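Observations on chain architecture
One-letter residues, chain by chain:
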Amino acid sequence: MTRKPQSGFEGLRNLLPLSFAGILFLAGGCVVGPKYQRPAASVPTEYKEPPPVSFKETGEWKRAQPRDEVIRGKWWELFNDPELNALEEQVNLSNQNILAAEAQFRAAREAVRIVRSGLFPTVTSAPSIVNSRTSSSLANPPTGNSAPGARTTYNWPLDLSYVADVWGSIRRSVSASAESAQVTAAQLENARLSFHTALAQVYFELRGTDGNQELLEQTVKSYEDYLRLTKARFNSGVASGVDVAQAETQLETARAQLIDLGVARAQFEHSLAILIGKPPSEISVPHGAIKSLPPVIPVGVPSTLLERRPDIAGSERQMASANEQIGIAKAAYYPALLLGASAGLESSNFTSWFTWPSRFWSVGPQLVETLFDAGKRRAQVGLAQAAYDATVANYRQTVLTSFQQVEDNLAALRILEEEARAVEQAVHAAEKSLAISTSQYKAGIASYLQVITSQTIALQDQRSSVDILTRRMVASVLLIEALGGGWDASMLPATTELVHGK
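Calculation notes
- Each chain has its residues counted from 1, running along the sequence as written.
- The predicted origin of the model limits local features to residues at a pLDDT of at least 70 and limits the giving and counting of side-chain atom pairs to 80 or more, whereas totals for whole chains, interfaces and linings rest on all residues.
- With hydrogens and water set aside, each side-chain value is computed from the structure's full complement of heavy atoms.
- Under the scheme used here, helices are H or I runs from DSSP no shorter than 4 residues and strands are E runs no shorter than 2 residues, and both carry numbers assigned from the N terminus.
- Classification of residues uses two cut-offs on accessible area relative to the type maximum, computed with a 1.4 Å probe and protein chains only: under 20% is buried, over 50% is exposed, and between them is partly exposed.
- Contact between two residues is taken to exist if any of their heavy atoms lie within 4.5 Å; hydrogens are not considered.
- Residue-level accessible areas treat just the shown protein chains as cover; the underlying method is Shrake-Rupley with a 1.4 Å probe.
- Each reported salt bridge corresponds to a side-chain nitrogen of Lys or Arg within 4 Å of a carboxyl oxygen of Asp or Glu.
- A residue's pLDDT is the predictor's confidence in that residue, given on a scale from 0 to 100.
- Between N or O atoms, a polar contact is any pair within 3.5 Å; within protein, one atom must be a potential hydrogen donor and the other a potential acceptor, and residues adjacent in sequence are included only when both atoms are from side chains.
- Neither His nor the chain termini are counted; the positive set is Lys and Arg, and the negative set is Asp and Glu.
- As a rule, the C-alpha atoms of each element are fitted with a line to give its axis, helices using only the stretch in contact, and angles between N-to-C directions run from 0 to 180 degrees.
- By the definition adopted for this analysis, an angle is roughly parallel if under 35 degrees, roughly antiparallel if over 145, roughly perpendicular if from 65 to 115, and oblique otherwise.
- Three classes are used: nonpolar for Ala, Val, Leu, Ile, Met, Phe, Trp, Tyr, Cys and Pro, charged for Asp, Glu, Lys and Arg, and polar for all others, with Gly counted as polar.
- Put simply, a nonpolar core is a bunch of buried Ala, Val, Leu, Ile, Met, Phe, Trp, Tyr and Cys residues held in one set by side-chain atoms that sit within 4.5 Å of each other.
- Each Phe, Tyr or Trp ring (for Trp, its six-membered ring) is paired with any other whose centre lies within 6.5 Å, and the angle between the two planes then decides the class: stacked below 30 degrees, edge-to-face above 60, tilted in between.
- Charge-over-ring contacts are defined here by two conditions on Lys NZ or Arg CZ: a distance within 6 Å of the ring centre and an angle within 35 degrees of the ring normal.

1. Let's talk about the overall build of the protein chain
Secondary structure assignment for the protein chain yields eleven helices and five strands. Looking at the protein chain residue by residue over its 502 residues, the buried ones come to 41%. A separation threshold of at least 6 residues defines the contact pool for the protein chain, and within that pool the share at least 24 residues apart is 84%. As displayed, the protein chain offers around 26,700 Å² of accessible surface, 56% of which is attributable to carbon and sulfur atoms.

Shown next as structure tokens:
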């Protein structure tokens, strides 16, 4: 039996599957470079600072609790303040910094798909119709190779190019890009946490200012009563003009302090407006002092902090991405395998352009290897290793800083709670002293200076009580931020989700 000779396209059809099979076999065989493992970090077994008394249960603090003891969901609802809840709900929707971080995450996610496209062949086509004329002076009629005159060439090529990922460089690039996108996702969550806590902090500072305003308004009314008392005693010839002047001074000083608080309150209100993405003219927060104590905040065990803070998760993903760069740099030592293929239809006559004899094709692999680069690749590996070492150091520093922030705010809450009890006793003592001084002044056995001294001490202690409560609320907010605000590393988009776009 006579074997029929293969046509050009039949040869191409037989060669391409073998070429791709061999390339895919090689591409899946090797991945050079180090395998990533999360470096160890210093993690204490328990927090150094004891919690505030208000955090304790049945007289004994439970340090090691399961994960159901951590903060979950909308953490600001722990404060049971409807006004705060309403403001917090607007942060994600309107805060421009968060919207910018969301856009950066979307860009990082698209960057993963761009890098992933390198795993597949690129097919291009550039159909053309070219009119040309050969120069008569270049023509060589005796040989018949070319003849002067105009001609038209119809060309419809299909070109395929493919870089085989033999050493895993492209796969590592995809992984690095996906891990960088996870870093951006963690940064987005950290931005959300930061602006939510900033709003809560400003809100409680505003409420603390309202508390001081209420206190000074009451003080001004009280001082007005004392001024009327001294004037009445002066008119009766019992008190001197000095008493009246001192009472007026005390009253106007309190009024000035009350007016001055308006500056701080206006600025806090403007800050709240910006945090929810609105101009200050559109926000007006009703006056109201803090009426409740800080809530009990579940702290959990230190080891869970590594998974609960988005900045730590972002630093860890940054290490993973940097590790991939080492493998990419090492892959440059090995030859690159390229596959090029071209096929199409070409004719000098339009009527025969799409006929079988007008076909053409070519296919063939190519190896590319750098033989000398004066140490460039070695330096690139060293550069990638140094960058990775820097991310490890940054990760460990981030972990240390996170534990410091938790300890700082646990200490602040514990100490401020003790201070609040002491100031509360001081307030009661100062009020009692003022009542005694007032009675003695009315009885004529004490000077008005003694009353003023008692008034000043009482006002200072009362303002300290308001300020300490404000600081306790702010410290509670900062502790929640230090604990991650109820976030968890499992909320990061998975690598497969980023790579495959699911």
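2. So, the pattern of salt bridges
This structure, assessed with the given rule, holds 21 salt bridges. E224 is the salt-bridge partner of R255, the closest N and O atoms lying 2.8 Å from each other. Taken together, the positions of R255 in helix 6 (residues 241-275) and E224 in helix 5 (residues 169-235) put the pair 31 residues apart, joining distant regions of the chain. Given a relative accessible area of 25%, E224 falls into the partly exposed group.

3. Section: the confidence of the model for the protein chain
The share of residues in the protein chain with pLDDT of 70 or more is 88%, and the mean pLDDT across the chain is 88. For the stretch residues 1-12, pLDDT sits under 50, and the model shows 17 contacts to residues farther than four places along the chain or on other chains. Contacts of residues 57-68 to residues separated by more than four positions or lying in other chains number 19 contacts, the stretch itself having pLDDT below 50.

4. Focus on the side chain of R309
On the secondary structure map, R309 appears in the loop between helix 7 (305-308) and helix 8 (310-331). For R309, a relative accessible area of 6% gives the class buried. A polar atom in the side chain of R309 sits 2.8 Å from the side chain of Q405. In this structure the side chain of R309 is engaged in a polar contact, spanning 2.9 Å, whose partner is the backbone oxygen of A482.

5. So, the side chain of E417
Relative to the assigned elements, E417 resides in helix 9 (residues 376-443). Salt bridges are absent for the buried E417, whose nearest opposite-charge side chain, R472, sits at 4.0 Å. Once residues within four sequence positions are removed from consideration, E417 is found in contact with P52, V53, S54 and R472.

6. Comments concerning the packing of helix 4 (residues 96-116) against helix 5
Here helix 4 crosses helix 5 at 170°, and the two axes come no closer than 9 Å. Classified by the angle their axes make, helix 4 and helix 5 are roughly antiparallel. For the pair helix 4 and helix 5, the contacting residues are N97, I98, A101, E102, Q104, F105, A108, R109, A111, V112, V115 and R116 in the first and I170, S173, V174, S177, A178, A181, T184, A185, L188, A191, R192 and F195 in the second. Among the residues forming the contact of helix 4 with helix 5, the class breakdown is 15 nonpolar, five polar and four charged.

7. Digging into the nonpolar core
By size, the foremost hydrophobic cluster in this structure holds 72 residues, and its most contacted members are W75, F204 and L483. It is helix 5 that provides the largest number of residues to this core, a total of 16 residues. Setting aside residues up to four positions removed in sequence, L483 forms contacts with Y47, I71, I297, P298, V299, L305, R308, R309 and V406. If you look at the next biggest cluster of nonpolar residues, it comprises 19 residues, including L215, Y223, A239 and I452.

8. A word on the packing of aromatic side chains
Within the structure shown, the criterion is met by twelve aromatic pairs. An angle of 75° between the planes, with centres 5.8 Å apart, marks the rings of W156 and F354 as edge-to-face. Of this pair, W156 sits in strand 3 (residues 149-164) while F354 sits in the loop between strand 4 (336-347) and strand 5 (359-368), placing them 198 residues apart in sequence. Consider the rings of Y203 and F204, whose centres lie 5.5 Å apart with planes at 75°: the pair is edge-to-face. Of the residues examined, Y203 reaches a relative accessible area of 1% and is grouped as buried. Overall, F204 belongs to the buried group, its relative accessible area being 2%. Following the ring pairs from residue to residue traces out a cluster consisting of Y154, W156, F350, W353 and F354. The ring of Y441 carries R233 above its face, with NZ or CZ at 4.4 Å from the centroid.

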